[in-house]
Every structure is written in C-alpha cells, then in structure tokens.
Amino acid sequence: MDHLHTFYTVIDLGGTFAFAISGAIAAKVKGLDIFGIIVVAFTVACGGGILRDISIGAIPPAGISDWRYLLTSLIAVGVALGFGPMLKLLNRPVILFDALGLSLFAVSGAEKALGYGHNYEVAVMLGILTAVGGGVIRDIFLNRIPVIFENEIYASAALLGALVVVAGDYFSIPNGWTFPLGFALCFVLRILALRYHWKLPSFNNSNKYSDGI
Amino acid sequence: MDHLHTFYTVIDLGGTFAFAISGAIAAKVKGLDIFGIIVVAFTVACGGGILRDISIGAIPPAGISDWRYLLTSLIAVGVALGFGPMLKLLNRPVILFDALGLSLFAVSGAEKALGYGHNYEVAVMLGILTAVGGGVIRDIFLNRIPVIFENEIYASAALLGALVVVAGDYFSIPNGWTFPLGFALCFVLRILALRYHWKLPSFNNSNKYSDGI
Amino acid sequence: MDHLHTFYTVIDLGGTFAFAISGAIAAKVKGLDIFGIIVVAFTVACGGGILRDISIGAIPPAGISDWRYLLTSLIAVGVALGFGPMLKLLNRPVILFDALGLSLFAVSGAEKALGYGHNYEVAVMLGILTAVGGGVIRDIFLNRIPVIFENEIYASAALLGALVVVAGDYFSIPNGWTFPLGFALCFVLRILALRYHWKLPSFNNSNKYSDGI
C-alpha cells in the first residue's frame, strides 16, 4: 500500500507541475500580475483534483491540504516566468505539458475514485473531471469558452485513459500494467490528434437555416 | 417510501432530459464538437443537482454515480442532434423544455434537501440552485452573462415552486398534492411570463448620472 | 466558546453586508433585474464562505442554512438600491466596502478552517478563498476576467491577514489580539495599495516577441 501511495503521489505531482506550467504561461500572456499567475497556475494544476476530492468526500481536498501541491505549483510558476523565452523556443510547450498532465490526471483521478469505493461510472467521470476540470476553470477565469469544448480530441483522450483504469479493475489486472497503459494511450491519442489535426464532428450547420433569426 | 423514491427518480430523469435538450441545442448552435455538446448537455442537466448534493453531503452526487442520468443526457443529445430541424419547426423548443426542467428541479431539489433533514431555508435555496444552477453553468461555459440574471421571471418561478414544497412540509400536506401543485405553479408562472413578457424591475438608471465616468 | 462564537458571527455578518453591497452595486450597474441583483449580492457575500465550508466539510454551508446571511444580503441590496445616489456621492463606496469585507473574511475564513482541525496551509488557502472567492464568482457571472488577477494588491492583502491568524495560532497568541491585527493589516495594506497605486509585477512583456504569431 505504501509503495502504491508513493506511486500515486509522484504521478499527481508530475501532473501538477505540467498543468501549472500551462496555467502560468496562459496567465502571463494575458498580462495578469504575479499573484494572478500563481492563482491561475495553482487552479489549473489542482482545480480538477479539488473538484474530484469534493465529489468523493475526500475532505479537505489534497490540493489545499498537502503543501507539496502548492510548492510544485510555485516552482512551475518560477520555471514558466524564468525560462519564458526558452519555453517559446521549444515551440508549443504549453500543449505538450498539457497533454502530459491530461494523461496523468485521467489515470490517477479514476484510480482515486475507485480507491474510495465508488462505482465505475464515478471513476470514469471523475477521471475526466480531474483531467480537464482545471483547464476548464482556467478558461473561465480568462473569460473564454473552454477550448476543450471546441473541435479537439482532448476530453475524449482522458475518457480513454480512465476507461483503461476501470477495465483493469474489472478484469483484476494489476495497476502496474494499467496505469502506464492508460497514460500512454491517452497521451499518444492526444499527440496524434494534435499532429494530424484530428477533430470531433460539430453540428452547427443548423446556422444555415437560422440566418436572420 | 419505495413508491416515493420511484416518483422522485421519474421527476429527476424527466428534468434531466429537458435540461440536456436545452444544453445540447445551445452548445450545437455555438459550434462545439460532439464531446463538448455532451459535456454541456450533461452539465446543464446535472450541474444544479450535483451542486445541491455536494451542499447537503449526498456524496458522491447522484448525477455522476447513477448511470441513468448520463444515459438520459446522451439520449437527449441524440434527440437534439437527430431531430434538430424538427425542433426548429416546433418553435423555441429550448425555452419550453427549459421551463419543464425548471419546474421539475425546483420541486425535487427542495424535497431532497428536506429529505436529508435540512431546514426550510436550505430547501428553498437548494430548490432554486437545482433548478437554475445548470443553466448558470451553461452560460458561464458559453461565455455570457447568465440569462437568468437579466429581466426574466425565471429563478423567481423556481422560488415559487420550492416555497410550495416547503409550505406543504410545514402544514403536513402530502407530497402527492404539493409536488404537482409546486410544479404547475412554477411552470405556469414561467410560461405566462414568457407569453406576456413579464419582467422583473432593474435599476440601472443610475447610468444617467454616470456618463463620462 | 459562546462569546467566541458570537464574535465570529458578528465578523461574518459584517463582511457579508460589505460584500453584498459591492455585489449589488456591480449587478445594478450591469442592468440585472432585482432577482439577479439579489443573487449576485448573495453570491459575492456568501460564495467564498460556501466554497470554504464545502472544502472543510461544514455541511450544509452556513451561507445557505443560516437565515441571517440571506437577510443581511437582502438588507444590503435594499441599502444599495435605496441609497444609490448617496453611495455615488460617497465616492468609490464599492471599493471601500470591498476592502472591509476582504479583511474580515480573510481572518474569519482562516480561523474557521483552524477551528475544524485543519492544518496551516488549509487555513491560509481558505482564508484567501473566503476573502476573494465571492468576488471571483461575481466577475465570472458578469463575464469578465476576475479583477483580483490583474495588477492589484488584493488577494495578497488577504494572504497577509490569514498569515497573521495562522502565526497567532502557532505562537498561541489569543484570538482577541490576532483577529484585529490581521484585519487591520489586511485593510491598511489594501487601502494604501489603492491610494498609492501599488501594483504587483506582471510579465506579459513576452508580447514584444510574439507579434504576428
């Protein structure tokens, strides 16, 4: 149990760092001050997990009771601000870090829900919520429609990662296999979708009929 | 108790369907992809109830632990996407479905809070929250000021429905009477307000004095 | 304990009144109807506290179970609507009331988290959340980037107030000293920051390099 707990923690902190980087960069570009950048970075990193913990009754949420999450977010802000030009050279670092965090949180979120004894639907829903919740809050803070709702394979990649964890539990496959598999499938799907511009269909062609209304 | 439970469930699923339809149509018009449409539809349908459940300690919230809510939302999305042109012909179906969901959720939200042993204020507040919470989240997702805050008899209709349930509990009138009555009063008030353009007063005439500030 | 409880309640209701005034004025200026004004006023006043109570497991949140908060919000709406022109003459009353509420909530939020047995990080985080949560929700409702994220000494003043309470607990200094001290330091910092236009640094100079991207 203790090794497993360490494993969860490493996954959680890795995802926290990745998401905080993406939040800090987005907030910096919007011209927020240092406190605003920290809040947005922390919220992107921990927002999904806090919503998950509140939903499963893990009170107080780990995001605000475990100082390592806050420290990780602060380090990520330092990196994002200190290495800004370098991050720029790396080309779309936000999106890469985002894909890492997405995959890590989908898997760990589903597992934590199962660990609290909840059913498979809760695990899948909260895997997705953990993965995309922080980003949705970020976009609400930055006053735009959450990007995950528009023509991207993003939440659906998180769905895939969470489903692997749930399937692993159903077929009693050890975590050591399903964690890396769920993470890898989610990450690869996300990266391929970005690389080849895969999109989910939208249906707003009804606009054709609604001119002048 | 079992009959009552079935009754609650039917009411909840009916409201879920109605709200999910309205969410799916709004998301479709905004051009979101299929996953975004499902998320918005589900959130409109279950968001208010999830906030209610978190507030009364019903963990995990029924919206994410009971597969029937998700299935109902998915069916509603299918109907909204498949019968889009027909929904258009029906003229303002979003508003009609919205009024149905509003009335159902105001009544069931207040009742569930009472069922968990909370006081009348909690019941009224959570009846309104259940009824309008999903729509408020929808508008936040779609990046606009929640429509319920602007010149509409909407949340006030939910207030009426919740008050009927609370009054029924206070005077020990059976649910079988107060549920349909609260639902009907809320629905009729909402529809009449739409039909005759009843509005609540606003007070922004102070703008007269603030030109140039 | 009873005296302490009374003291908390007075602080909470004072902050509630101050924040509700600021929420009501902002909602009125935006042209919301009377119900929208009440909802925004109540949400600004109690939103942060409700999020805090949900995070520490104080269910149902005091904001919706204690009628005094709702009554206080309603009175504040009456004052804001009835004395609108007078408030105008008082010059920037929103900002003054806001600073009072900020200071009161930072201190009481941190104290309540400690009272529920949570650690110092939770206390500081929830002190800030209680203080700024309602204002963030207000700005999300009014469809703008939360003002606290942009170049203002605001949340950082709340951090100072909450830190004083936590330090007082650590050094076993009685509440009677740390409460007024934390409140005063937070309030003075906020007012000085407004008076002398103190700002936190922002880092969006990266825009220089990103023209045309």
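Residues numbered from 1 in each chain as written. Chains lettered and ligands numbered in written order. Predicted model: local features only at pLDDT ≥ 70, side-chain atom pairs only at ≥ 80, totals over all residues. Heavy atoms only, no water.

Examining the overall build of chain A
Where we set the bar: The way it works is that DSSP assigns letters per residue, a run of H or I at least four long becomes a helix, a run of E at least two long becomes a strand, and they are numbered from the N terminus. Relative accessibility under 20% of the residue-type maximum defines a buried residue, over 50% an exposed one, and the middle range a partly exposed one, all with a 1.4 Å probe and only protein chains included. Here the accessible surface of atoms and residues is derived via Shrake-Rupley with a 1.4 Å probe, and residues count as covered only by protein chains that are part of the display.
A count of helices and strands for chain A gives 9 helices and 0 strands. The linear arrangement of helices and strands in chain A, starting from the amino end, is α-α-α-α-α-α-α-α-α. Going through the 213 residues of chain A one by one, you find that 55% of them count as buried. Accessible surface, chain A: about 9,100 Å² in total, of which carbon and sulfur atoms supply 69%.

A word on the relation of the copies chain A and chain B
Let me state the cut-off plainly: The copies are overlaid by a least-squares fit using only the C-alpha atoms of residues whose pLDDT is at least 70 in both copies. Contacts are assigned to residue pairs that have any heavy atoms within 4.5 Å of one another.
Superposition of chain A onto chain B requires a rotation of 120 degrees combined with a translation of 0.0 Å along the rotation axis, giving an RMSD of 0.0 Å. Such a turn and shift between the copies fits a three-fold axis. The residues that chain A uses at the interface reappear at the interface of chain B in only 9% of cases, marking distinct surfaces.

Considerations on the relation of the copies chain A and chain C
For the pair chain A and chain C, the superposition axis carries a translation of 0.0 Å, the fit reaches an RMSD of 0.0 Å, and the rotation angle comes to 120 degrees. Comparing interface residues between copies, only 10% of those in chain A also sit at the interface in chain C, which points to a heterologous contact through distinct surfaces.

Concerning the interface of chain A and chain B
To keep things clear, this is the line we draw: In this description, buried area is defined as the sum, over both parts, of the accessible area (probe of 1.4 Å) that is lost when the two are combined. Charged residues are taken to be Asp, Glu, Lys and Arg, nonpolar residues to be Ala, Val, Leu, Ile, Met, Phe, Trp, Tyr, Cys and Pro, and polar residues to be all remaining types, Gly included.
The interface is formed by 34 residues belonging to chain A together with 29 residues belonging to chain B. A combined buried area of about 2,500 Å² lies between chain A and chain B, and 70% of that area is made up of carbon and sulfur atoms. Area buried by chain A at its contact with chain B is led by A:Glu121, A:Phe149 and A:Phe203, which between them contribute 27% of it. Counting residues per element, the side of chain A that touches chain B draws most heavily on helix H7 (residues 120-141) of chain A, at 7 residues. Its residues assigned to classes, the side of chain A that touches chain B shows 18 nonpolar, 12 polar and 4 charged.

A word on the nonpolar core
Formally: As used in this record, nonpolar core signifies buried Ala, Val, Leu, Ile, Met, Phe, Trp, Tyr and Cys residues forming a set joined through side-chain atoms within 4.5 Å.
Counting 192 residues, the largest nonpolar core has A:Leu102, A:Val132, B:Leu102, B:Val132, C:Leu102 and C:Val132 as the members making the most contacts within it. Residue contacts for B:Leu102: discarding those within four places in its chain leaves B:Phe19, B:Ala131, B:Val132, B:Tyr154, B:Ala157, B:Ala158, B:Cys186 and B:Arg190.

Quick notes on unusual backbone geometry
Along the chain, A:Ile59 connects to A:Pro60 via a cis peptide bond; the corresponding omega equals -5 degrees. For A:Pro60, the position within the fold is in the loop between helix H2 (34-56) and helix H3 (62-65). Residue C:Ser172 is not a glycine yet carries a positive backbone phi of 55 degrees. Within the secondary structure, C:Ser172 sits in the loop between helix H8 (155-170) and helix H9 (175-195).

Side note on the UniProt feature "transmembrane region" (unreviewed entry) in chain A
Filter applied, for reference: UniProt positions are given in the numbering used here, feature names are shortened, and annotations may be inferred rather than shown by experiment.
Following the UniProt record, one finds the feature "transmembrane region" (unreviewed entry) at residues 6-27, 34-55, 67-87, 94-110, 122-141, 153-173 and 179-198 of chain A. In this annotation, residues 122-141 of chain A is assigned 100% helix and 0% strand; the end-to-end C-alpha distance for the span is 26 Å.

Notes on the packing of helix H8 (residues 155-170) of chain A against helix H9 (residues 175-195) of chain A
All names here are of chain A. Keep this limit in mind: Only the stretch in contact is used when fitting a helix axis, every axis being a line fitted to C-alpha atoms; angles between N-to-C directions are given from 0 to 180 degrees. Angle categories: roughly parallel below 35 degrees, roughly antiparallel above 145, roughly perpendicular from 65 to 115, and oblique for all the rest. Crossings are classed by handedness, with left-handed meaning an anticlockwise turn of the near helix from the far one by less than a right angle and right-handed meaning a clockwise turn.
Where H8 contacts H9, the axes come no closer than 8 Å and their chain directions differ by 160 degrees. In terms of orientation, H8 and H9 fall into the roughly antiparallel class. The handedness of the crossing between H8 and H9 comes out as right-handed. Contacts from Ser-156, Ala-157, Ala-158, Leu-160, Gly-161, Val-164 and Gly-168 of H8 reach H9 at Thr-178, Leu-181, Gly-182, Leu-185, Cys-186, Leu-189 and Arg-190. Classifying every residue of the contact of H8 with H9 by side-chain character gives 8 nonpolar, 5 polar and 1 charged.

Quick notes on the interface of chain A and chain C
The cut-off we apply is this: Salt bridges are defined as contacts in which a side-chain nitrogen from Lys or Arg sits within 4 Å of a carboxyl oxygen from Asp or Glu. Identification of polar contacts relies on pairs of N or O atoms within 3.5 Å, with a donor-acceptor requirement for protein atoms, meaning one able to donate a hydrogen and the other able to accept it, and with residues adjacent in sequence counted only if both atoms are side-chain atoms.
On the chain C side, the residues contacting the 29 residues of chain A number 33 residues. Taken together, the connections running from chain A to chain C amount to 0 salt bridges. Seen at the junction of chain A and chain C, the total is 3 residue pairs in polar contact (both at pLDDT 80 or more). Every element with two or more residues in the side of chain A that touches chain C is listed here: helix H1 (2-29), H2, H3, helix H4 (67-82) and H7 of chain A. The element that contributes the greatest number of residues to the side of chain A that touches chain C is H2(A), accounting for 8 residues.

Re the side chain of B:Ser55
Relative to the helices and strands, B:Ser55 resides in helix H2 (residues 34-56). When sequence neighbours within four positions are dropped, the list of residues in contact with B:Ser55 reads B:Leu126, C:Ile54, C:Ile59, C:Pro60, C:Pro61 and C:Ile64.

Digging into the environment of A:Leu13
Residue and element names in this part refer to chain A. With respect to the helices, strands and loops of the structure, Leu-13 is situated in helix H1. Each C-alpha atom, one on Leu-13 and one on Leu-70, is 9.9 Å from the other, the two residues being 57 residues apart in sequence. Setting aside its immediate chain neighbours within four residues, Leu-13 contacts Arg-68, Tyr-69 and Thr-72.

Concerning the packing of helix H2 (residues 34-56) of chain C against helix H7 (residues 120-141) of chain C
All names here are of chain C. Viewed as axis vectors pointing N to C, H2 and H7 meet at an angle of 135 degrees, and their least axial separation amounts to 7 Å. Classified by the angle their axes make, H2 and H7 are oblique. Crossing of H2 against H7: the hand is right-handed. Packed against H2, whose contacting residues are Val-40, Thr-43, Val-44, Gly-47, Gly-48, Gly-49, Leu-51, Arg-52, Ser-55 and Ile-56, the element H7 presents Leu-126, Leu-129, Thr-130, Gly-133, Gly-134, Gly-135, Ile-137, Arg-138 and Phe-141 at the interface. Broken down by class, the residue content of the contact of H2 with H7 amounts to 8 nonpolar, 9 polar and 2 charged.

Focus on the environment of C:Phe105
Tracing the sequence through the fold places C:Phe105 in helix H6 (residues 93-115). For C:Phe105 and C:Gly127, which are 22 residues apart along the polypeptide, the C-alpha to C-alpha distance reads 6.8 Å.

Some points on the packing of aromatic side chains
By convention here, two paired aromatic rings are described through the distance between centres and the angle between planes. To keep it simple, the criterion reads: What counts as a ring pair is set by centres within 6.5 Å for rings of Phe, Tyr and Trp (its six-membered ring), and what kind of pair is set by the plane angle: stacked under 30 degrees, edge-to-face over 60, tilted for all other angles. For a lysine, the NZ atom is tested; for an arginine, the CZ atom; a charge sits over a ring if that atom is within 6 Å of the ring centre and within 35 degrees of the ring normal.
Applying the stated criterion across every chain yields a total of 15 aromatic pairs over all chains. Ring centres of A:Phe19 and A:Phe105 lie 4.9 Å apart, and the angle between their planes is 40 degrees; on these two criteria the pair is classed as tilted. With a gap of 86 residues between them, A:Phe19 in helix H1 and A:Phe105 in helix H6 (residues 93-115) connect regions that are remote in the sequence. Judged by its relative accessible area of 1%, A:Phe19 is buried. In this structure A:Phe105 comes out as buried when scored by relative accessible area, which is 4%. Joined through ring pairs, the aromatic side chains of A:Tyr120, A:Tyr170 and A:Phe171 make up one cluster. Here C:Arg195 stacks its cationic end above the ring of C:Tyr196, 5.4 Å away from the centre of that ring.

Section: helix H8 (residues 155-170) of chain B
All names here are of chain B. So the rule is basically this: What a helix should span is 1.5 Å times the count of its residues minus one.
Helix length check: H8, at 16 residues, gives a terminal C-alpha distance of 22 Å against a target of 22 Å (1.5 Å per residue), a fit within 8%. Those residues of H8 that sit buried are Ala-155, Ser-156, Ala-157, Ala-158, Gly-161, Ala-162, Val-164, Val-165, Val-166 and Gly-168. Ser-172 occupies a position one or two residues after H8 and carries a positive phi of about 55 degrees.

Considering the pattern of salt bridges
All names here are of chain A. In the structure shown here, the tally under the stated rule is 15 salt bridges over all chains. Between Arg-138 and Asp-139 there is a salt bridge whose closest N-O contact spans 3.0 Å. Overall, Arg-138 belongs to the buried group, its relative accessible area being 8%. When its relative accessible area of 0% is taken as the criterion, Asp-139 is described as buried. Salt-bridge contacts for Arg-144 lead to Asp-139; the nearest nitrogen and oxygen are separated by 2.9 Å. The class for Arg-144 is partly exposed, based on a relative accessible area of 30%.

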